[in-house]
Amino acid sequence: MDGDFRTEFVREPSALKQHPALVLNADYRPLSYYPLSLWPWQEAIKAAWLDRVDIVAEYDEVVRSPSTRIRIPSVVVLKDFVKPQKRVAFTRFNLFLRDEFRCQYCGTKGDLTFDHVVPRAAGGVTSWQNVVAACSRCNLRKGSKSLRQAGMALRKPPRQPNAEELRNTGRKFPPNHLHDSWIDFLYWDTELEA
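Here's what I pulled together on the structure shown here. From a predicted model like this one, the values you see are computed outputs, not experimental measurements.

What counts as what
- Every residue gets a number counted from 1 within its own chain, in the order that chain's sequence is written.
- Only residues with pLDDT of 70 or above have their local features reported here, since the model is predicted, and side-chain atom pairs are shown and tallied only from 80 upward, although totals for entire chains, interfaces and linings are computed over all residues.
- With hydrogens and water stripped out, all remaining heavy atoms of the structure feed into the side-chain values.
- To qualify as a helix, a DSSP run of H or I must reach at least 4 residues; to qualify as a strand, a run of E must reach at least 2; elements of each kind are numbered from the N terminus.
- What makes two strands pair is DSSP finding at least two bridges between them.
- Type-normalised accessible area, obtained with a 1.4 Å probe on protein chains alone, sets the label of each residue: buried when under 20%, exposed when over 50%, and partly exposed for intermediate values.
- Residues count as neighbours in contact if any of their non-hydrogen atoms are within 4.5 Å of one another.
- Polar contact is the term for a pair of N or O atoms within 3.5 Å; when the atoms are in protein, one must be able to donate a hydrogen and the other to accept it, and sequence-neighboring residues count only if both atoms are side-chain atoms.
- The term salt bridge refers to a pairing of a side-chain nitrogen on Lys or Arg with a carboxyl oxygen on Asp or Glu at a separation within 4 Å.

### Focus on the environment of Lys 172
Its location among the elements puts Lys 172 in the loop between helix 7 (163-170) and helix 8 (183-186). Counting along the chain gives 72 residues from Lys 172 to Glu 100, while the straight-line C-alpha distance between them is 8.6 Å.

Now the structure itself:
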């Protein structure tokens, strides 16, 4: 048996796993910017087959069944508008996104955790208004002290963001890979610089 024979009969070639489809709402805006609304190519083809999306752009690669040959979608648009959520869930990810993945004490990126501005030991609650992203070093330095006792200051006061603010913040963090067919749909509604 020849080596090519085995590679042709794989059920899901690894190259095809690398072809996600950008999912746009019916108004041609991504459902979310961060994380970017992407579907695996299989989901995009299934949604197109079920007439739930329109295919706007395609990759050069194709998938085949015994009776059909389909180009893999790279951008799909939902036929029904999905109303964006107005309420922002208080999650670790959304907290880090609000704080732009930076320590709110020293400004460094990476190795993030979260810190209660008013420590829980002093009656501080876990809420948007009292929790910030912090690097491990600053979190340990502050401990259960107040900002004044620790000699530290916040870069900006913590507050509850609205959904639009988080979407706009998410635009600042593009994913590692942006296919050329996605660019026009990701940033077409941003304000141009003068």
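### Some words on the sheet that holds strand 2 (residues 38-39)
Taken in spatial order, the four strands line up as 2-1-4-3 in an open sheet, and their pairing is mixed. In the strand order of this sheet, the two ends are held by strand 2 and strand 3 (53-64), each with one partner. Note: strand 3 against strand 4 (residues 69-78), eight bridges, orientation antiparallel. The residue of strand 4 that forms the bridge with Glu 58 is Pro 73.

### Let's talk about the environment of Arg 141
Residue placement: Arg 141 occurs in helix 5 (residues 136-142). Take Arg 141: its relative accessible area is 44%, and that puts it in the partly exposed class. It is 9.7 Å that separates the C-alpha atoms of Arg 141 and Gly 151, two residues lying 10 residues apart in sequence. Not counting residues up to four positions away in its chain, the partners in contact with Arg 141 are Ala 150, Gly 151 and Met 152.

### Let's talk about the side chain of Asn 130
Among the secondary structure elements, Asn 130 is positioned in the loop between strand 5 (112-116) and strand 6 (131-135). From its side chain, Asn 130 meets the backbone nitrogen of Val 118 in a polar contact 2.8 Å long. Beyond its immediate stretch of four places on either side in the chain, Asn 130 contacts Asp 115, His 116, Val 117, Val 118, Gly 124, Val 125 and Pro 158.

### Here's the deal with the side chain of Asn 25
Note that Asn 25 resides in the loop between strand 1 (21-24) and strand 2. Assessed through its relative accessible area of 5%, Asn 25 is described here as buried. Among the polar contacts listed, one links the side chain of Asn 25 to the backbone oxygen of Val 82, at a separation of 2.6 Å. Once you skip the residues sitting within four places of it in the chain, Asn 25 turns out to touch Leu 31, Val 77, Leu 78, Asp 80, Phe 81 and Val 82.

### Looking at the pattern of salt bridges
Applying the stated criterion to the full structure yields eight salt bridges. Salt-bridge contacts for Lys 79 lead to Asp 54; the nearest nitrogen and oxygen are separated by 3.5 Å. Taken together, the positions of Lys 79 in the loop between strand 4 and helix 4 (92-98) and Asp 54 in strand 3 put the pair 25 residues apart, joining distant regions of the chain. For Lys 79, a relative accessible area of 36% puts it in the partly exposed group.

### A short note on the environment of Arg 98
Of note, Arg 98 is situated in helix 4. Classification of Arg 98 by relative accessible area gives buried; the value is 8%. Residues Arg 98 and Val 132 lie 34 residues apart in sequence; the distance between their C-alpha atoms is 9.0 Å. Apart from residues no more than four positions distant in its own chain, Arg 98 is found in contact with Trp 128, Val 131, Val 132, Lys 156, Pro 158, Arg 159, Pro 161 and Leu 166. Within polar-contact distance, the side chain of Arg 98 engages the backbone oxygen of Arg 159 at 3.1 Å.

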